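Residues per chain, in single letters:
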Amino acid sequence: MHHFATTGINQRNSRTQELFRLLFMMMTVLLVLPVLIIMVTLIYKGGAIVTLDFLLSNPLDGMTAGGIFPALFGTIGLVTVALLVSVPIGVAAAIYLSEYASDTWLTRLINLAIINLAGVPSIVHALFGVGAFVIFFRFGTSILAASCTLAVMTLPVVIVATRESLQSVPMAFREACWNMGATRWQTIRRIVLPNAISGILTGVILEVSRTAGETAPIMFTGAVFFTPFLPQSVFDQTMALSLHLFVLSTQVPGVSEALPYGVALVLISIVLLMNSASIGFRMYLRGQKKW
Amino acid sequence: MVVADSNVRTLSDPESTWHQRFHSSPMKIEVNDLTIRYGDTTILSGVNLNIRKNEIFGIIGPANSGKTSLLKALNRMDEFTPGMKVTGDIRVNGLDIRHVKNVYGLRRSIGVVFPLPVGLPLTVFENVALAPRLGGMNNRAELNIIVERCLRRAALWDEVKDRLNSLGSLLSGGQQQRLTIARALSQEPDLLMLDEFSIAVDPVTTMRIEDILKELRKEMTIILVTNLVQQARRLADRTAFFLNGECVEIGVTECLFTGQVQDQRTQDYLSGRFG
Amino acid sequence: MDAVEVHRHSFQRNRDWYIDQFVQHLVFLAGISAIVLIIGIFFFITKEGMAFLFGDVSMSEVFGSMFWEPSDEDAPDYGILALIAGTASVSGLAMIVAIPFSLGAAIFIAEFSSGTTREWLKVLIELLAAIPSVVWGFIGLSILNPLIIDLFDVPVGLNVLNAGLILGLMAAPIMTSIAEDALKAVPDRYREAAEAMGATRWQITFRVVLPAAKNGLLGAVLLGVGRGFGETMAVLMATGHSVNIPGSVFDSVRALTATIAAELGETARGSEHYGALFAIGIFLFVITFVINLSADLIVRGVKES
């Protein structure tokens, strides 16, 4: 009797378990499915117009047709300048936190600041960019101001990724080096950085993908919907893909239906390719054994 | 007494190599009332000892008796170890090491070998060339000489001479330990500290390294922390017995092993009654 | 020659010592940059919004009125009540959508899947988190908008429902990955102990793992809320952008963030309207700061215990 009863409970349990498993799986699928649907829709509706010519030619007919070259060029420029600003500062900050700082109130405060910096809304970053870079530092609305704003916004990404890869280098290597009379910096330069550089690179690629898609921070600091010429210096304004998509889809009448889809497809492709590259690189590194 | 601070690199014989250009100056060490704490835990208390030039000084004792912490203090590694606090004074050739302006110079003059081998994630060649490079040496020909000499002295040359460009961190445990020794020797140390070096090494290699140490003492002072009392007997001129953070006894090794001990605990440890 | 005594080692400071000191100071400056920037952000938006905060418009009017009509030349109104309602309704709906799905997905990934499946799901979730907000906005505008019009037979598809769904999808990946971390942080011995007592997988999940991870899960939800509050472009494009206290999910609304994004370009620096937008910025900064701080404290509480 007793024996049979237990079996009954077990059967019910395993059925419940299977049910829950299915429920959770459904939820996961529903969560992941949109990416696929979005990609398919974008490719279906915008894929046809995305050609090399589309990428490399200028807009026509009051922006309602033609290519996206100036916007693509602008996005690349904005991202490059943003990286030039944020990577040195971010990597240095991570080196300080991982290699020099001990566990003090200041270190805790810095960590708190990093977390909060990552959580500040992008439009607030935009306001900061206007107040600080455009007005106070007199950069004007320019690539420099926009890129600095982007750099501030993505700084936490670089710091966190770099710190993680620095800390993945075993402590024993540092100790061995210090015992040989290497200064902290010599140890960092000769042992820690060379072994963390690929992890740092992963973080930088991730940062590129974040930076390329941002819109709000650059809207009032340096990106414009239309400029007659390509920017000549970092003090010029520029077009950008993300802003281009926003204005095309909300404010310009008479745009051919495929055009915004094409722009969205290009933008999302850049972002997802960069992101996948970063993930792939990370997985490849995990397989490499150096110690 | 001329302290190492008087370094003047004026000799410039073009024929000479790095190691011949400078005189070795084996260290003499005095430790007075040394106490080491980690937070609230006292690891070592009130240790006094003298280590003479060119001596092999053995330190024996069970685990957690503070031997490794003593080595860390000699190297001023306490500054890089969170929570470690050192009081008392340590003099190297008469110079209080707390007054050393460049702690890195002090560490460069002291070679350390850990219980667990650490092959740095560099090539075998670069592992051994690292210390000279840190000192500013970049001449490939001289580096070649130094690397070969150090690897030979560490009894590793024959095994790795054909793969100097493979990763040092992927060698076998025993090879990595000899690589660590070669690296320590490449520092041209005046003091060599070995912390239970034979743990990760096979008996044959251990014997080879022991022979090397007997050679090396002509040029440097050696501190040998060991868990093998017989190893101390084979090598050390004098031996200290540490127990629970206390230096119980220091004596001429042969005397200790022939029963001339002052403390019963030393006798008990040497005869294997605990440990 | 022979008389000169030369030692191999010097304890004097040398070039490397000075370089090390220099680098130490340099990286320290970079290290405190995050603090400097947080203070800088607060300083500069306050600087620009100062005139409005201490100007003619009283704060009781700002927080008490639902009329946001800054362009009215005779009697501009700066009430942000409707904007707060817009942000709250969209974020609220987003959380209703995102919380169950991201917790479910986190449980599935952490407790019910393993190996390659797990890896791939995590990659997909990460990619989902990477989609730029302007693209999400475009999707709301061009895909979800007609879909809502067709499905529910309403005149406008840009409304709380649209933006809430979009925002939910945007917030879900972050919440999923943090919640998954929290579940993974529950020690395996808890699961093993329960298993030894004959509990099944879902019993373990509900009775043991979820209670043990509850702080981390709460932190995940809070971070999702923070993201929802701060999201700009997608909300701007998908809400319909009309000042409204919503009566149903089919009403168009306007969010705090979107208002700044839409109007900052049209205002003159130093004008009352300009100051009002920066004042909204201060409000957003303070709210997200508090949300992120509490999320961090809760999540860290988990790690330390």
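See the structure printed just above.
Residues numbered from 1 in each chain as written. Chains lettered and ligands numbered in written order. Predicted model: local features only at pLDDT ≥ 70, side-chain atom pairs only at ≥ 80, totals over all residues.

## Digging into the overall build of chain C
- Helix and strand counts for chain C stand at 13 helices and 2 strands.
- In summary, chain C has a C-alpha radius of gyration of 26 Å against a globular reference of 19 Å for 305 residues, an excess of more than 25%.
- When each of the 305 residues of chain C is scored for burial, the buried share is 50%.
- Across chain C, the fraction of contacts at a sequence separation of at least 24, relative to all contacts at a separation of at least 6, is 72%. (Helix = DSSP H or I, 4+ residues; strand = E, 2+ residues; numbered from the N terminus. Rg over C-alpha atoms; globule rule 2.2 N^0.38 Å. Buried ≥ 20, exposed ≤ 12 C-beta atoms within 10 Å, placed from the backbone. Contact = placed C-beta atoms within 7 Å.)

## Points about the overall build of chain A
- When helices and strands are counted, chain A shows 11 helices and 2 strands.
- Traced from its N-terminal end to its C-terminal end, chain A shows the element sequence α-α-β-β-α-α-α-α-α-α-α-α-α.
- The C-alpha radius of gyration of chain A comes to 25 Å, more than 25% above the 19 Å expected for a compact globule of 291 residues.
- In terms of overall dimensions, chain A has a C-alpha envelope of 80 × 65 × 35 Å along the principal axes.
- Counting the 291 residues in chain A, one finds 55% classified as buried.

## Looking at the interface of chain A and chain C
- Taken together, the contact pairs 72 residues of chain A with 75 residues of chain C.
- Of all the elements, helix α1 (residues 2-46) of chain A adds the most residues to the side of chain A that touches chain C, at 18 residues.
- Each residue belonging to the side of chain A that touches chain C can be placed in one class, and the counts come to 49 nonpolar, 20 polar and 3 charged. (Nonpolar A, V, L, I, M, F, W, Y, C, P; charged D, E, K, R; others polar.)

## Overview of the pairing of strand β6 (residues 110-113) of chain B
Residue and element names in this part refer to chain B.
- By the alternation rule, side chains of β6 split into Ile 110 and Val 112 and Gly 111 and Val 113, which are all buried.
- Pairing between β6 and strand β7 (residues 191-195): 4 bridges, direction parallel. Note on β7: the bridge partner recorded for Gly 111 is Leu 192. (Pairing = 2+ DSSP bridges.)

## Side note on the sheet that holds strand β3 (residues 56-60) of chain B
Residues and elements named next belong to chain B.
- If you trace the 6 strands from one edge of the open sheet to the other, you get β6-β7-β8-β3-β9-β10, paired in mixed fashion. With one partner strand each, in any of the chains shown, β6 and β10 (246-252) form the two edges of the open sheet. Averaged over neighbouring strand pairs, the angle between their axes works out to 15 degrees when direction is ignored. (Axes fitted to C-alpha atoms, helices over the stretch in contact; angles between N-to-C directions.)

## Structural notes on the interface of chain A and chain B
- Every contact between the two is made by 16 residues of chain A and, on the other side, 19 residues of chain B.
- Broken down by secondary-structure element, the contributors of at least two residues to the side of chain A that touches chain B are α7 (171-179) and α8 (184-213) of chain A.
- In terms of residue count, the dominant contributor to the side of chain A that touches chain B is α7(A) (5 residues).
- Among the residues making up the side of chain A that touches chain B, the classes are represented as 8 nonpolar, 6 polar and 2 charged.

## Section: the pairing of β3(B)
Residues and elements named next belong to chain B.
- Taken across its 5 residues, β3 has 5 buried, putting it largely inside the fold.
- Burial along β3 is two-sided: Ile 56, Gly 58 and Ile 60 facing one way and Phe 57 and Ile 59 facing the other are all buried.
- Examined bridge by bridge, β3 and strand β8 (residues 221-225) share 4 bridges and lie parallel to one another. Considered in β8, the bridge of Gly 58 is made with Leu 224.

## A short note on the nonpolar core
- Counting residues in each nonpolar core, the largest one holds 278 residues, and the members touching the most others are A:Ala264, A:Leu267, B:Ile223, B:Leu224 and C:Ile166.
- At 16 residues, the largest contribution of residues to this core is made by helix α4 (residues 81-112) of chain C.
- Setting aside residues no more than four positions away along its own chain, A:Leu267 makes contact with A:Gly213, A:Leu241, A:Ser242, A:Leu245, C:Pro132 and C:Val135. (Core = buried A, V, L, I, M, F, W, Y, C linked by C-beta atoms within 7 Å.)

## A word on the environment of C:Leu144
Residue and element names in this part refer to chain C.
- Locating Leu 144 in the fold gives a position in helix α6 (residues 133-152).
- In the structure, Leu 144 is positioned 121 residues away from Gly 265 in sequence and 28 Å away in space, judged by C-alpha atoms.
- Setting aside chain neighbours within four positions, we find Leu 144 in contact with Ile 139, Gly 157, Asn 162, Leu 165 and Ile 166.

## A look at the sheet that holds strand β2 (residues 41-51) of chain B
- Strand order across the open sheet formed by 4 strands is β2-β1-β4-β5 (chain B), with antiparallel pairing between neighbours. Two strands lie at the open edges of the sheet, namely β2 and β5 (95-96) of chain B, each paired on one side alone.

## Some remarks on the environment of C:Ile166
All names here are of chain C.
- Mapped onto the fold, Ile 166 is located in helix α7 (residues 160-184).
- Using a count of 28 C-beta atoms within 10 Å as the deciding quantity, one classes Ile 166 as buried.
- Taking C-alpha positions, Ile 166 is 9.5 Å from Val 90, a pair spaced 76 residues apart along the chain.
- Look past the residues within four positions of Ile 166 in its chain and what remains in contact with it is Trp 136, Ile 139, Gly 140, Leu 144, Ala 234 and Ala 238.

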